[in-house]
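Fold and geometry: a report
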Amino acid sequence: MNDAKIKWGILGCGRIARKFASDLRLVADAELTAIASRNKETLEQFAKDFPCRHLHNSYEALVTNNEVDVIYVATPHSHHSEHTILCLNHNKAVLCEKAFAINSRQAIEMVKTAKERKVFLMEALWTKFLPHYKKLQELLQQKALGDIKSVLVNFGFKTSGNSPQRLFDPLLGGGTLLDIGIYNVFITLSVLGKPDDIEATMTPAATGVDEQIAVLFRYKSGALAQLFSSFVTNLPTQAEINGTEGCITLTTRFYEPSATIQLSKKVPYEREIISVDKEAGFGYQYQARHVNECLKKGLIESPVMTHADTLTLMDVLDTIRMKAGIKYSADLQ
């Protein structure tokens, strides 16, 4: 595997899978070898846009394909646990789309399976591999803002008749928190770590999932974080990090490579744009390259997006759901 291309399979051929397949073309040592969908029409259309050697109409056929090294799991949140464990049990490395699972119980079982089988597993939290995120971490490590005192982050858009129905389907893990609010939680954990106290409240949609959620993180240091996500209003979708020596704004959309870093050290604000390298594509190529590097080294866990990172994130999401009263059928299993 050190010299040859890493052969990728994609499990689930929806919108996010199409973006990933497009960016996989930008990864020099990667090859899209196989795709799988239970919908024949979807599978064939995907193959027209992203040609590959093997088309499978079942996930079982994909995981038993001997030519596939690693599988990108791109099905709805509700199926991530089942499909990831299916791959791992057939010794296929896995990059699993976020949210990694519905709850911590599922996530723990997924990680346990990977460790027992000695097979690579990583959550596809692509933002962690983007150049602007890495630059943000450098600035924070350099104490460019002094001591961080607050984080304000929002992510919202007004859904329409063209929006995926899964967004509101409780059986598919619908709601803002697991779909978009996870980015708010992730960026806050990256800056301030795990909170000491959490408050959360939500507005339910007709289906019972959260169509809006407001979250407050408290820290023993005195720092606070306010997180808000919505499917009923268009929000700036940016993150503001405030410290004793200045502030950083990650502009819209803060979790994508299109975001810019605005640094301000003075009041009234004089914003300096921090230069960051930009590449073509949607931005999924960075995490794919990282996975390839891990596989070539024989790793079963990423040193960047670790299993512990995933389990911490999932635990915080569970607590937020408990505080806000968001429940899924998977919680009862």
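Heads up: the structure comes first, above all this text.
Quick look at the structure, then. Keep in mind that this is a model prediction, so the values were computed, not measured. (Residues numbered from 1 in each chain as written. Predicted model: local features only at pLDDT ≥ 70, side-chain atom pairs only at ≥ 80, totals over all residues. Heavy atoms only, no water.)

Side note on the overall build of the chain
This is how the line gets drawn: Only DSSP runs of H or I covering at least 4 residues are called helices, and only runs of E covering at least 2 are called strands; the numbering of each starts at the N terminus. Computation of the radius of gyration draws on C-alpha atoms, with the globule rule given as 2.2 Å multiplied by the number of residues to the power 0.38. Relative accessibility under 20% of the residue-type maximum defines a buried residue, over 50% an exposed one, and the middle range a partly exposed one, all with a 1.4 Å probe and only protein chains included. Residue contacts follow a heavy-atom distance rule, with two residues in contact if any of their heavy atoms lie within 4.5 Å. Here, Shrake-Rupley sampling with a 1.4 Å probe gives the accessible areas, and only protein chains in the shown set may cover a residue.
Summing up its helical and strand segments, the chain has nine helices and 14 strands in all. Relative to its length of 333 residues, the chain is compact, with a C-alpha radius of gyration of 20 Å against a globular reference of 20 Å. Across its three principal axes, the chain shows a C-alpha extent of roughly 60 × 45 × 40 Å. By residue count, 55% of the 333 residues in the chain fall in the buried class. Sequence-distant contacts in the chain: of pairs separated by 6 or more residues, those separated by 24 or more amount to 67%. Counting only carbon and sulfur atoms, one obtains 50% of the accessible surface of the chain, whose full area is about 14600 Å².

Brief notes about the sheet that holds strand 7 (residues 148–156)
Put simply, the rule reads: At least two bridges found by DSSP between two strands are what make those strands a pair. For helices, the fitted axis covers only the stretch in contact; all axes are lines through C-alpha atoms, and the angles between them, taken along N-to-C directions, range from 0 to 180 degrees.
The eight strands lie next to each other as 8-9-10-7-11-12-13-14, forming an open sheet whose pairing is mixed. Edge positions in the open sheet fall to strand 8 (197–204) and strand 14 (271–274), since each of these has one partner strand only. Pairs of neighbouring strands in the sheet enclose a mean axial angle of 15°, with direction left out of account. By the bridge criterion, seven bridges tie strand 7 to strand 10 (residues 224–230) in an arrangement that is parallel. Within strand 10, the position partnered with Ser150 by the bridge is Leu224. Against the sheet, helix 7 (residues 176–192) makes contact with strand 7, strand 9 (210–218), strand 10, strand 11 (239–243) and strand 12 (246–250), and its axis sits at roughly 160° relative to strand 10, the strand it touches most. Contacts from helix 9 (residues 307–324) reach strand 8 and strand 9 within the one sheet, and its direction differs from that of strand 8 by about 60°.

Brief notes about the pattern of salt bridges
Note the following rule: In the sections that follow, a salt bridge refers to a side-chain nitrogen of Lys or Arg positioned within 4 Å of a carboxyl oxygen of Asp or Glu.
Tallied over the full model, the rule gives 15 salt bridges. Residue Lys194 pairs with Asp315 through a salt bridge whose shortest N-O separation is 2.7 Å. Highlighted residues: Lys194 in the loop between helix 7 and strand 8 and Asp315 in helix 9, separated in sequence by 121 residues.

Some thoughts on helix 2 (residues 40–49)
So the rule is basically this: What the arc describes is the spread of directions from the helix axis to the C-beta atoms. Two N or O atoms form a polar contact when they lie within 3.5 Å of each other; inside protein one atom must be a possible hydrogen donor and the other a possible acceptor, and for residues adjacent in sequence the pair counts only when both atoms belong to side chains.
Within helix 2 the residues assigned to the buried category are Leu43, Phe46 and Ala47. All buried residues of helix 2 project into a common sector of 100° when viewed along the axis, lining one side. Exposed positions of helix 2 whose direction lies more than 90 degrees from the buried face are Glu41 and Lys48. Buried residues along helix 2 sit against strand 1 (6–11), helix 1 (15–24), strand 2 (30–36) and strand 3 (54–56). One side-chain oxygen at the N-terminal end of helix 2 lies 3.0 Å from the backbone nitrogen of Glu41; it belongs to Asn39.

Some remarks on unusual backbone geometry
Looking along the chain, the bond that leaves Lys98 and enters Ala99 is cis, with omega of -15°. With respect to the helices and strands, Ala99 occurs in the loop between strand 5 (93–97) and helix 5 (104–117). Of the consecutive residues Thr252 and Arg253, the connecting peptide bond is found in the cis state with omega at -20°. Within the secondary structure, Arg253 is located in the loop between strand 12 and strand 13 (261–264). Of note, Asn91 is a non-glycine position whose phi angle comes to about 60°, a positive value.

What about the state of the cysteines?
As a reminder of what qualifies: Note that a disulfide, as used here, is simply two cysteine sulfur atoms within 2.5 Å.
The full count for this structure, using the stated rule, is zero disulfides. No disulfide involves Cys87; its sulfur sits 8.8 Å from the nearest other cysteine sulfur, which is in Cys96. For Cys96, a relative accessible area of 0% gives the class buried.

Here's the deal with the environment of Thr251
Mapped onto the secondary structure, Thr251 falls in the loop between strand 12 and strand 13. Sequence-wise, Thr251 and Ser104 are 147 residues apart; in three dimensions their C-alpha atoms are separated by 31 Å. With residues up to four places along the chain from it excluded, the contact list for Thr251 reads Thr237, Gln238, Ala259, Thr260 and Gln262.

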